[in-house]
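Structural characterization, general
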Amino acid sequence: MIQVNENYLKIQASYLFTEIAHRVKAFQESNPGAKIIRLGIGDVTEPLAPAVIKAMSAAVREQSKSATFRGYGPEQGYAFLREKISECDFAARGVKVSPAEIFVSDGAKCDTGNFQELFGPRVRIAVPDPVYPVYVDTNVMAGRTGVQKNGRYGGLVYLDSTAENGFVPDPPSKPVDLAYLCFPNNPTGAVATKKQLEKWVDWARREKALILFDAAYEAFIRTPGIPHSIYEIPGARSCAVEFRSFSKTAGFTGTRCGYTVVPEGLKAWTSKGEPVELRQLWMRRQTTKFNGCSYVTQRGAEAVYSKEGAAQTKKTIDFYLENARLVREALSSMGYTVTGGTDSPYLWVDVKGDSWKFFDLLLREAQVVTTPGAGFGRAGEGYIRISAFNSRANVKEAIARLSKVLAR
Ligand SMILES: *Cc1c(COP(=O)(O)O)cnc(C)c1O
């Protein structure tokens, strides 16, 4: 009799976005004429930059001739891309990350989900609440938690991100070996200052703990002085792994490319206390289970760093940030307290009540889809997330409808 991994059965039955889709579908069916505006799911809407399309087209043509055809590439990613990443994402900010420390992949969801494979079954884990569900669910699947009760898994340390701490929690006071951080944050849109990240790095070094730092929204940071990389903090190379993605940076959600930085010298320990290089372990994991991101896609990602590509992608991000600013101003002027939307495509709105009720109200009265904060964790209750990924016309229409409904 073939047995299942019963850890999978511990995962919350109704996945957040499935429930949202279900409610939206039900509303659309009973209101066939309604023009619904979706400011819910975090997916980009603008096309790839022309420079990216040009580079990918050229790469497709290379694949059409035997002289330039490429089969399996290096598992870590092509050197041409890793060198560009090292130079433009890190050296340009005064941060040392060598191409050998960069692992190109097909996205940050896989990497943030897979990285936990490198650790023992009993490591103690801290996650922020509200949280991007991937960090939690992959550890549940791996059997590192108990069952779920009232939206929380036994064995995990939850770090509440609240208005009181500015949505940037302090390091845990309980013993923890592994902590997930995400800044600019999904879902709250909050960013962490250098001082706040220094606290985390000091904690991790003291505890011989590891920080898994998700910087998928780094390109949205506009406030001067806000760190774009955890490695801007002295000492972070010895206690942090960083995940990046071209998904939100350059519209690659459907094209698929991301990367992970595992610094040389970064260590975890065996049960006997012997140090092990995490870079070697991740290399082993990737070469065993992953065969690389496509050549065509990596040429597209490389073009994001060209002069034209960088200007075009920045323009698109500025466009989303302007959407965010418009929504933020409108809601603020209606008396709502809004976090995010300045260095992030997400706005985290205090709705002063039940988040699913508020979600239903906006769907019913304004035909605007948002994301109820409760879906991201217990501390998300009382908030909704609004995404700025949409056309300007839809954003303006959504604001007009929200104003009518909420100004009453
Ligand atoms: C969108 C997103 C990612 C990126 O996922 P990809 O797999 O690269 O598309 C990573 N982390 C967070 C928090 C995200 O919201």
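Residues numbered from 1 in each chain as written. Predicted model: local features only at pLDDT ≥ 70, side-chain atom pairs only at ≥ 80, totals over all residues. Heavy atoms only, no water.

This part covers the packing of helix α11 (residues 355-366) against helix α12 (residues 392-406). Where α11 contacts α12, the two axes come as close as 10 Å, and the packing angle between them is 110 degrees. Our classification of the angle between α11 and α12 gives roughly perpendicular. Judged by the sense of rotation from one axis to the other, the crossing of α11 with α12 is right-handed. Two secondary-structure elements touch here, α11 through Phe 358, Leu 361, Leu 362, Glu 365 and Ala 366 and α12 through Arg 401, Leu 402, Val 405 and Leu 406. The class makeup of the residues in the contact of α11 with α12 is seven nonpolar, no polar and two charged. (Axes fitted to C-alpha atoms, helices over the stretch in contact; angles between N-to-C directions. Helix = DSSP H or I, 4+ residues; strand = E, 2+ residues; numbered from the N terminus. Parallel < 35°, antiparallel > 145°, perpendicular 65-115°, else oblique. Left-handed = near helix turned anticlockwise from the far one by under 90°. Contact = heavy atoms within 4.5 Å. Nonpolar A, V, L, I, M, F, W, Y, C, P; charged D, E, K, R; others polar.)

What follows deals with the sheet that holds strand β2 (residues 102-105). Read across the open sheet, the seven strands follow the order β2-β10-β9-β8-β7-β3-β6; overall the sheet is mixed. Here the strands that pair on one side only, and so sit at the sheet edges, are β2 and β6 (157-160). Taken over all neighbouring pairs, the strand axes of this sheet differ in orientation by 20 degrees on average, direction set aside. Where strand β3 (residues 125-129) and β6 come together, four bridges link them in parallel fashion. From the neighbouring strand, Pro 128 faces β6, where its bridge partner is Leu 159. (Pairing = 2+ DSSP bridges.)

We now examine the sheet that holds strand β17 (residues 383-387). Reading across from one edge, β13-β14-β17-β16 is the order of the four strands in this open sheet, with antiparallel pairing throughout. Either end of the sheet is taken by a strand with one partner, and the two such strands are β13 (338-340) and β16 (371-372). Where β16 and β17 come together, two bridges link them in antiparallel fashion. Along β17, the bridge assignment pairs Thr 371 with Arg 385. The strands that α11 touches are β16 and β17; relative to β17, the one it contacts most, it runs at about 45 degrees.

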